Amino acid sequence: VQLQASGGGLVQAGGSLRLSCAASGRTFSSYGMGWFRQAPGKEREFVAGISRSGGRIYYAESVKGRFTISRDNAKNTVYLQMNSLKLEDTANYYCAVYRDAGSPYWGSQVPPDFGSWGQGTQVTVSS
């Protein structure tokens, strides 16, 4: 699976952005998916994850109530709707697949459990 993230940009604090992650191949629906972010000088951190069917969704505490992850398996795409953006949300955002095709996703937040990292899309929140 190859992933292409898009939708990042410059936004004022309190604003919104919607990130997309398009996957190649016919097995997208077989993978749990995750969004991560990495700010300069910091480790990559989990943002949100979604199971193969979309029935189970998990968020980092820092984004709960502000971000929404969703997926459209017919379009091979996972989304991250980001509202009420804060300065500390500034980072490069990555999408990734969870382990192997068919592996059930139960909320892992550990980067080594994910693969096929896309190139990332930069989100910059200004005051």
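Asker: Honestly, the sheet that holds strand 8 (residues 77-82) in this entry has me stumped. Any pointers?
Answerer: Backbone hydrogen bonds hold the strands of a sheet together, and the pairing may be parallel or antiparallel. Within the open sheet, the four strands sit side by side as 1-3-8-7. Their pairing is antiparallel. Sheet topology places strand 1 (3-6) and strand 7 (67-72) at the edges, where each strand pairs with a single neighbour. Recorded for the sheet is a direction-independent mean angle of 15° between the axes of neighbouring strands. As paired strands, strand 7 and strand 8 are joined by six bridges and run antiparallel to one another. From the neighbouring strand, Phe 67 faces strand 8, where its bridge partner is Met 82.

Asker: For this particular structure, what's the right way to read the state of the cysteines?
Answerer: What makes a disulfide is a covalent bond joining the sulfur atoms belonging to two cysteines. Scanning all chains against the criterion turns up one disulfide. With its sulfur 2.0 Å from that of its partner, Cys 21 forms a disulfide with Cys 95. Residues Cys 21 and Cys 95 are joined through a disulfide that is right-handed, its torsion about the S-S bond being 70°. Pair noted here: Cys 21 is in strand 3 (residues 17-23) and Cys 95 is in strand 9 (residues 91-98), with a separation of 74 residues, a long-range link. Residue classification places Cys 95 among the buried residues on the basis of a relative accessible area of 0%.

Asker: Help me understand the nonpolar core, please; the structure alone is not making it clear to me.
Answerer: Generally speaking, a soluble globular protein has its nonpolar side chains buried in company with each other. If you look at the biggest cluster of nonpolar residues, it comprises 36 residues, and the most contacted ones within it are Met 33, Trp 35, Leu 80, Met 82 and Tyr 93. Mapped by element, the contributors of at least two residues to this core are strand 1, strand 3, strand 4 (33-38), strand 5 (45-50), strand 7, strand 8, strand 9 and strand 11 (121-126). With six residues, the single largest contributor to this core is strand 9.

Asker: It is not clear to me how the environment of Ala 48 should be interpreted in this structure. Could you clarify?
Answerer: For Ala 48, the location among the structural elements is in strand 5. According to the relative accessible area criterion, Ala 48 is buried, its value standing at 0%. Sequence separation between Ala 48 and Ile 69 is 21 residues; the distance between their C-alpha atoms is 6.5 Å. When sequence neighbours within four positions are dropped, the list of residues in contact with Ala 48 reads Met 33, Gly 34, Trp 35, Tyr 58, Tyr 59, Ile 69 and Leu 80.

Each value, and the rule that gives it
Residues numbered from 1 in each chain as written. Predicted model: local features only at pLDDT ≥ 70, side-chain atom pairs only at ≥ 80, totals over all residues. Heavy atoms only, no water. Pairing = 2+ DSSP bridges. Helix = DSSP H or I, 4+ residues; strand = E, 2+ residues; numbered from the N terminus. Axes fitted to C-alpha atoms, helices over the stretch in contact; angles between N-to-C directions. Disulfide = S-S within 2.5 Å. Buried < 20%, exposed > 50% of the residue type's maximum accessible area, 1.4 Å probe, protein only. Core = buried A, V, L, I, M, F, W, Y, C linked by side-chain atoms within 4.5 Å. Contact = heavy atoms within 4.5 Å.

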